[in-house]
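Letter by letter, the chains look like this.
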Amino acid sequence: MNLWKNIILFALIFLITSGPSIQAQTLSGEQILERVDNNYGSDNKIMVATMVIHGRRGSREVTSKTWVKGDDRSFTEYLAPPREKGTKMLKLGDQLWMFSPSTDRTIQISGHMLRQSVMGSDLSYEDMMEDPKLQNMYNAQVISEETYMDRPCWVLELTSLKEDIAYHSRKIWVDKERYVVLKEDRFAKGGKLLKTTEVKKVEQIDDRWVPTHALFKDVLKNGEGTEFRVESMEFNAEIPEYIFTKAALRR
Amino acid sequence: MIKFLIKGVLRDRSRSLFPVLTVTAGVFLTVVGFSWINGIQSNWVEVTAKYNTGHLDVMTRAYAEESEQSPIELAYIGLDQLLNDLRQDFPELIWTPRIKFGGLLDIPDENGETKVQGPCMGMAVDLFSKQTPDINILNLQDSVIRGRLPEKPSEILITEEFAQRLGVSMGQTATLISSTMYGSMAITNFSVTGTVRFGVSAMDRSTIIADISDIQNALNMENASGEVLGFFRDNLYENEKAQEIAQHFNSKYSDQDDEFSPIMSTLIQKSGLEDILGMVNMYGGVIIFVFVVVMSIVLWNAGLMGSLRRYGEIGVRMAIGEDKGHLYRSLIIESLIIGFIGSVLGTIIGLGLSFYLQAKGINIAYMMKNSTLMISDTFRANVTSLSYYVGFIPGMLATFLGSVISGLGIYKRKTSQLMKELET
Amino acid sequence: MTLFKLAFKNLLGAGIRTWLNVVVLSLSFVVIIWMQGLYKGMNNQAVTSTIDVIYAGGQYWQESYDPYDPLTLQDAHGVLPDELKSLIKKEEATALLIIQGTAYPQGRMMNLLIKGIAPDQKIISIPSHFLDKETKDIPAVIGTRMSESTGLKKGDTVTLRWRDANGTFDARDATIVQVMRTTVQTIDQGQIWVPLERLRELSRMEGEATLVIVDKDIANPSKTEGWEFKSLDFLLQDIKQLVQTKTAGASIFYVILLLLAMLAIFNTQVLSIFRRRKEIGTLMAIGFTRAKVIWLFTIEGAMHAVLAALVAALYGIPFLTWFSKTGWSLPESVDSYGFAIGEKLFPVYSAGLVIGTTVLVLVVTTIVSFIPTRKIAKLKPTDALRGKSS
């Protein structure tokens, strides 16, 4: 199972916004952030997504199905390619397990491994465990208003509230109507831009606006980054409780 | 005259035997000493060759650029064809694929939960194929401390130190958590069948050795390999030959515009050992030079002695009217004959021993405290083309010079005093 | 005693022949000692330059530090205890802080170690003084090998990224202020050297270190809570083993050199016995026993060695001394993986080596001189007198 996939998946989950948009007058940064977080929603979701990894050898597609319940429980199963099929990943709070069907083993990713970057990628296991609610981690301030993807946006500067946040600050472009984050820059403490996320397409699913195509990129590194496409999305689905247990990994 | 002199040399044992024996011994030592120093030079790079680069190393151009990080995502795909080509084009080398990888080794408890885990470095080598060179090259058979070598798929060796740290017993399952060549996480079960020791701390910490096919499966590297190493069959690195082969290969197979086309590089290009080899060569060169000079002096000395010994004989020959120039020339030719015979004999015997030392080597393990070291404790001689004629320098030149100088004494002697001398 | 005198007189009487042999033998002496000295020197050099450049008198390791385990490195730092602080203050030690980072030379990603060192430290010979620069970018020093694998040269800028003590990413530009030519790979490959205080501040590890290097003269290190002292024996273990192996391999050459010396003397002995049959006969005729004659010749042979030792001393000592002072300049940057050799090779002659070689050559010469003399035992005095050998 690919960590990239998971990381990006989780990262995208909080980018995915939902719920009716509220006409905003003059909102503070905090309020905007709250709405962004609310749009992300704590409800249940089932999503099938495909990730396109652009490597030096060409591109590769990986498809997964993810069940999310609330803020801190998710279960992912990989569907394709054949080699990855059946690999599962379970996140419960700040714990992360992985199951590989070929070995029939469940392995917890913990301790030092969490901070380890994965095979030279810039994303760590820890990134996957990040709190999806931005307001829990950052102060927000509106610094300007811009048009991005033909959508009027607020540009928010987020500064970390706590010390143990991986990215010291971020800059997000929030759609004024839909409260969808359309673009995000993540910065190191010294102010250097580390990573960017650009949403390429936003679609309406049920009555929510959902970014369904995004591009993630590590700007320090050469390369074309990784694309993420939502194939299907179901909100407020019935998800049985047993899915979020270690026993379900083996099933 | 030469015929006559050869007869003389052969028939008069006192005139021939000792000088020839001396020259033979001297030439013999020179040849062996030369080959030995040559061999020692190779020993300097042997560890690097075995564990890192081989004598020649084929990888993709992209891999080569970052090879110190062992980027398996840039591995060469199409290994079978490459191996075929290599074995066909360069049969003078043994070609064997290697994959270096990193990961975590995870030991489960009885419930399949992680009991203990630690980071590991992995080396995938050919363990199972019929004529695998790797078991020999890595001296695996003798390095096993506990257990045995892997015999079937999914069996691995790990270092003794690592096994102790993880508390692994033989036959136990160990799960390798690594990453495929496409970046996906790879989780594979292995059974630990034996432990080894390298004698190099950095490797002894946490190395695992697995069969190449197992790792290809585990890391999604079907028909792919990080590197293909080539070893000269006599296990001795020869830079010029290696460079020639690399050049030949690259002009035929490597494409500058395709970063995944293969490129071959030599041991010294790859390992940054150019300097050390240069130094060792220079050092060896000086040693050989000094040795040959000293040996020449010894044999020259022997030549001088020989002529002095024959003072009486020369006197008689002068007395019966032999021309001084003729006498001098005959002495010199005789010394050349002796030098030649001695040199040939010495070279033959010396080459014999050198070849033996090249094939067998001398294991100095008994001189060392740790006899299970995988680092090379076998020193070998190396017979090069120069080995065939290096002995002739002291062998012929020195005896020739010796008689040239001592023979000059002939011209100092006066015929009038000869009879007097002969009387004593 | 008369035997000795006689032998000595015979030797001197033989004039040029004796001296030829003596010179040849003395050459073997000098060459054997010289070559062994060179090897020892190489051994010594490798060890000393490693000591100079990184180990000094030994190191205190923070208890979690394990140079071979990258996973534990993030925890391998701690506030210096007072004992170590005072050592550093007295300039008897210096601290290193090591954190894991990533460099992005030309958009390539490369994991490395970022090592903080005090620019003004005098404990190890690493050129840390280049880091003493007040710049916006982090001043950094790398080794030549690192320079080659990253393509970074003096004056170039590279982005470094790491995580501070809290796990927050930080990234800054570092400017290479110096590329150091070092033969010790352990301070070169896969690492970048930056000023200690700067790194401490940026990584939020104020007053902390990963290891402390003590000066060479600090004999008895004190025990410190949470820090473990690693002696030179421990630190140099691998390199010493490697050197030991190489030296053992060279010892075979030593044997070949000894054989050469033997050859020289054997040859002389055989010839002189052959040539001096009449003399032997005469000696026997005037009442020398065979044993005495054998002794005489053996002593003569052995005296060759004594004379050779003297002659060797005459030119050998100045030569070897000169050589050990001048050293042997090696081609640029000579070293192998982790095996360090200084810019110049200085041979090391131990008393043991010199005395050992001398004694060995003496013994060997005596034995070799004795072997051909056994022939004398077979000689009949009457035949010998007539110059016939049996």
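Residues numbered from 1 in each chain as written. Chains lettered and ligands numbered in written order. Predicted model: local features only at pLDDT ≥ 70, side-chain atom pairs only at ≥ 80, totals over all residues. Heavy atoms only, no water.

A. Highlighting the nonpolar core. Counting 76 residues, the largest nonpolar core has B:Trp36, B:Phe291, C:Met35, C:Phe253, C:Val293 and C:Ile376 as its most contacted members. No other element matches the 13 residues that helix H8 (residues 290-326) of chain C contributes to this core. Once you skip the residues sitting within four places of it in the chain, C:Phe253 turns out to touch B:Gly33, B:Trp36, B:Ile37, B:Ile287, B:Phe291 and C:Met35. With 38 residues, the next largest nonpolar core counts B:Leu83, B:Leu93, B:Leu127 and B:Ile245 among its residues. (Core = buried A, V, L, I, M, F, W, Y, C linked by side-chain atoms within 4.5 Å. Buried < 20%, exposed > 50% of the residue type's maximum accessible area, 1.4 Å probe, protein only. Helix = DSSP H or I, 4+ residues; strand = E, 2+ residues; numbered from the N terminus. Contact = heavy atoms within 4.5 Å.)

B. Focus on the pattern of salt bridges. Throughout the structure, instances matching the rule amount to 34 salt bridges over all chains. Across the salt bridge formed by A:Glu184 and A:Arg186, the nearest N and O atoms sit 3.2 Å from each other. For A:Glu198, the salt bridge is made with A:Lys200, and the minimal N-O distance between the two is 3.3 Å. Three or more residues joined by partner-sharing salt bridges are found here, namely B:Arg148, B:Glu151, B:Lys152 and B:Glu155. (Salt bridge = Lys/Arg side-chain N within 4 Å of Asp/Glu carboxyl O.)

C. Region of interest: the packing of helix H4 (residues 79-89) of chain B against helix H10 (residues 239-253) of chain B. Residues and elements named next belong to chain B. Orientation of H4 relative to H10, taken along the N-to-C sense of each, is 135 degrees, at an axis distance of 12 Å. With respect to each other, H4 and H10 are oriented oblique. As H4 runs across H10, the sense of the crossing is right-handed. Contacts between H4 and H10 involve Leu 82, Asp 85, Leu 86 and Asp 89 from the first element and Phe 249, Lys 252 and Tyr 253 from the second. Grouping the amino acids of the contact of H4 with H10 by side-chain chemistry returns four nonpolar, no polar and three charged. (Axes fitted to C-alpha atoms, helices over the stretch in contact; angles between N-to-C directions. Parallel < 35°, antiparallel > 145°, perpendicular 65-115°, else oblique. Left-handed = near helix turned anticlockwise from the far one by under 90°. Nonpolar A, V, L, I, M, F, W, Y, C, P; charged D, E, K, R; others polar.)

D. Main features of the domain arrangement of chain C. Assigned domains within chain C: domain 1 (2-52 + 238-386) and domain 2 (59-230). If you average the C-alpha positions of domain 1 of chain C and of domain 2 of chain C, the two centres end up 51 Å apart. (Domains from an automatic or database assignment.)

E. Region of the structure containing the interface of chain B and chain A. Taken together, the contact between chain B and chain A spans 36 residues of the former and 21 residues of the latter. For the pair chain B and chain A, the two sides together bury roughly 2,200 Å², of which 47% comes from carbon and sulfur. In this assembly, chain B and chain A are joined by three salt bridges. A salt bridge links B:Glu113 to A:Lys246, with the nearest nitrogen and oxygen atoms 3.1 Å apart. At the boundary of chain B and chain A, one finds nine residue pairs in polar contact (both at pLDDT 80 or more). Those elements giving two or more residues to the side of chain B that touches chain A turn out to be strand S2 (76-77), strand S3 (93-108), strand S4 (114-125), strand S7 (173-179), strand S8 (185-196) and helix H9 (212-218) of chain B. Of the residues that constitute the side of chain B that touches chain A, the class distribution is 17 nonpolar, 13 polar and six charged. (Buried area = accessible area lost by both parts, 1.4 Å probe. Polar contact = N/O pair within 3.5 Å; in protein donor to acceptor, adjacent residues only side chain to side chain.)

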